[in-house]
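Chains, contacts and geometry: an overview
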Amino acid sequence: ETGVTQSPTHLIKTRGQQVTLRCSSQSGHNTVSWYQQALGQGPQFIFQYYREEENGRGNFPPRFSGLQFPNYSSELNVNALELDDSALYLCASSPGNSGFTAEQFFGPGTRLTVL
Amino acid sequence: QKEVEQDPGPLSVPEGAIVSLNCTYSNSAFQYFMWYRQYSRKGPELLMYTYSSGNKEDGRFTAQVDKSSKYISLFIRDSQPSDSATYLCAMGFTGGGNKLTFGTGTQLKVEL
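Residues numbered from 1 in each chain as written. Chains lettered and ligands numbered in written order. Predicted model: local features only at pLDDT ≥ 70, side-chain atom pairs only at ≥ 80, totals over all residues. Heavy atoms only, no water.

A few words now on unusual backbone geometry. At the junction of Ser-7 of chain A and Pro-8 of chain A, the peptide bond is cis and its omega measures out at -10° in the coordinates. Looking at where Pro-8 of chain A falls in the secondary structure, it is placed in the loop between strand 1 (5-7) and strand 2 (10-13). In this model, Gly-9 of chain B is joined to Pro-10 of chain B through a cis peptide bond whose omega is 10°. For Pro-10 of chain B, the position within the fold is in the loop between strand 1 (4-6) and strand 2 (11-14). Positive phi is not limited to glycine here, since Ser-52 of chain B has a value of about 65°. Tracing the backbone through its elements, the reader meets Ser-52 of chain B in the loop between strand 5 (45-51) and strand 6 (54-58). Positive phi, normally seen in glycine, also occurs at Asp-78 of chain B, with a value near 45°. Within the secondary structure, Asp-78 of chain B sits in the loop between strand 8 (71-76) and strand 9 (85-92). Taking relative accessible area as the criterion, Asp-78 of chain B reaches 43% and is therefore assigned partly exposed. (Helix = DSSP H or I, 4+ residues; strand = E, 2+ residues; numbered from the N terminus. Buried < 20%, exposed > 50% of the residue type's maximum accessible area, 1.4 Å probe, protein only.)

Structure below.
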């Protein structure tokens, strides 16, 4: 069974640029959530996708957007990058439905640095 | 005030000690309580979760939830240097989507 994978591992961008991060969910999982983890902080919920539809969003501006594909992999897009967007971006997959699933499994993350 | 509060530490203990990690929360809607372990520059790893109040044991780890006090704990017995990591508590509830609300994490170091 393949776990959650993310790409790229590291990324360096400059202010104003756009970035796309990718996540492959664990086999059999149809729900993907994205989190932002700033240095020394806990992960903050960005949004969740269930069966290709956004199904819940945290307190992040519209320049954070996403997609989920028919194979349940997902992308996180961030436009007009700001310095404060520098963080570890995590995705978590779960086998759940549109409700809450306690067993959520995280990928290794993508470390984004904005200069 | 944050929904979930967690002492960031760092907490340093000798090998073999019993470790107690704690979180408090303010949202009474939380029903599920998770503990994750995160090694440096890695993704969080789910250790265990508890639904509602009570205790749950898994090997050297015991999770406790006291909903009346809005207080949760993770105990690690016979701590090992390999337990050195950041421990994150997380919470969620049915009707909140799959959203996890995390504490800031407690950095633990187990010394030889």
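Further remarks concern the packing of aromatic side chains. Under the defined criterion, the tally for this structure stands at 13 aromatic pairs over all chains. A centroid spacing of 5.8 Å and a plane angle of 85° characterise the contact between Tyr-35 of chain A and Phe-102 of chain B, whose relative ring orientation is edge-to-face. Separated into two different chains, Tyr-35 of chain A in strand 4 (residues 31-37) and Phe-102 of chain B in strand 10 (residues 101-102) make up a pair that spans both. For Tyr-35 of chain A, a relative accessible area of 0% gives the class buried. Judged by its relative accessible area of 6%, Phe-102 of chain B is buried. Centre to centre, the rings of Phe-100 of chain A and Tyr-32 of chain B are 4.7 Å apart; their planes meet at 35°, and the pair counts as tilted. Taken as a pair, Phe-100 of chain A in the loop between strand 9 (87-94) and strand 10 (105-106) and Tyr-32 of chain B in strand 4 (residues 32-38) lie in two separate chains rather than in one. Judged by relative accessible area, Phe-100 of chain A falls into the buried class, the value being 9%. These aromatic residues form a ring-pair network of at least three members: Tyr-35, Phe-45 and Phe-106 of chain A together with Tyr-36 and Phe-102 of chain B. (Phe/Tyr/Trp six-rings, centres within 6.5 Å; stacked < 30°, edge-to-face > 60°.)

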